[in-house]
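Here is how the chains run, residue by residue.
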Amino acid sequence: MPKAYLILLLAVFAETIGTSALQASQQFSRFWPSVLVVMGYGVAFYLLGLTLKFMPVGIVYAIWSGLGIVLIAIIGFIVFGQRLDWPAVLGLAMILAGILIIHLFSSTAGH
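Residues numbered from 1 in each chain as written. Predicted model: local features only at pLDDT ≥ 70, side-chain atom pairs only at ≥ 80, totals over all residues. Heavy atoms only, no water.

Asker: An account of the overall build of the chain is needed here, citing residue identities and associated values.
Answerer: Tallying secondary structure elements over the chain gives 4 helices and 0 strands in all. In the chain, the succession of helices and strands from N to C terminus is α-α-α-α. The principal-axis extent of the C-alpha atoms belonging to the chain is close to 45 × 35 × 20 Å. Counting every position in the chain, which comprises 111 residues, the buried fraction comes to 34%. (Helix = DSSP H or I, 4+ residues; strand = E, 2+ residues; numbered from the N terminus. Buried < 20%, exposed > 50% of the residue type's maximum accessible area, 1.4 Å probe, protein only.)

So, in structure tokens, the structure goes:
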């Protein structure tokens, strides 16, 4: 895996941790989850910035936000018991398909 994709995946995971902690912080009323929100987003944006040295911002943001949406939906289902209906699942599948199309077929993805 190229270095840029590894950094981008780490940024996605950091953002996912931050967003999950945002739910757990209960509107920033719980200290440690709130700290994790700030740290998660800080690391995510730092790593996102590093990725921009190697890839175009549109491609980076599409992959970062798309994977983040899908991972948060999965965590919401598993951890927080948030259910998704079939249109939501179909929409998430379309987001994943878009990410795969960019990765596999786009010459601007930097691979």
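Still more to cover.
Asker: Now, about the packing of aromatic side chains: what can you tell me, with residues and values included?
Answerer: Using the criterion set out here, one finds 4 aromatic pairs in the structure. An angle of 75° between the planes, with centres 4.8 Å apart, marks the rings of Phe-31 and Trp-32 as edge-to-face. An aromatic cluster of three or more residues is present, and its members are Tyr-41, Phe-45, Tyr-61 and Trp-64. (Phe/Tyr/Trp six-rings, centres within 6.5 Å; stacked < 30°, edge-to-face > 60°.)

Asker: Let's hear about helix α2 (residues 31-51): which residues, and what values?
Answerer: In this model, α2 (21 residues) spans 30 Å end to end at C-alpha, consistent with the 30 Å of a helix rising 1.5 Å per residue. Those residues of α2 not exposed but buried are Pro-33, Ser-34, Val-37, Gly-40, Ala-44, Leu-47, Leu-48 and Thr-51. What you see down the axis of α2 is that its buried residues fit within an arc of 165°, all on one side. Along α2, the residues that are exposed and aim more than 90 degrees away from the buried face are Phe-31, Trp-32, Val-38, Met-39 and Tyr-46. (Expected span 1.5 Å × (residues − 1). Arc of directions from axis to C-beta.)

Asker: For the nonpolar core, give the residues involved together with the corresponding values.
Answerer: One broad rule of soluble globular proteins: the nonpolar side chains tend to lie buried together. Core analysis: the largest hydrophobic core is formed by 18 residues, its most contacted members being Leu-8, Met-55, Ile-63 and Trp-64. Among the secondary structure elements, those contributing two or more residues to this core are α1 (3-24), α2, α3 (57-78) and α4 (86-105). The leading source of residues in this core is α1, at 7 residues. Apart from the residues lying within four places of it in its own chain, the contact partners of Trp-64 are Leu-8, Ala-11, Val-12, Glu-15, Ala-44, Phe-45 and Leu-48. (Core = buried A, V, L, I, M, F, W, Y, C linked by side-chain atoms within 4.5 Å. Contact = heavy atoms within 4.5 Å.)

Asker: Break down α1 for me, with residues and values.
Answerer: Taking 1.5 Å as the rise per residue, α1 with 22 residues should run 32 Å; its terminal C-alpha atoms sit 32 Å apart, in good agreement. Immediately downstream of α1, the backbone of Gln-26 shows phi near 55°, a positive value.

Asker: I'd like a description of a nonpolar patch on the surface, backed by residues and values.
Answerer: A cluster of nonpolar side chains, namely Ile-74, Phe-77, Ile-78, Val-79 and Phe-80, defines an oily patch on the protein surface of about 480 Å² accessible area. Note on placement: Phe-80 falls in the loop between α3 and α4. (Patch = residues over 30% accessible without salt bridge, like charges linked within 9 Å, V, L, I, M, F, W, Y side chains within 5 Å. Areas by Shrake-Rupley, 256 points an atom, 1.4 Å probe, with all protein chains shown as cover. Salt bridge = Lys/Arg side-chain N within 4 Å of Asp/Glu carboxyl O.)

Shape descriptors only; they carry no functional weight alone.
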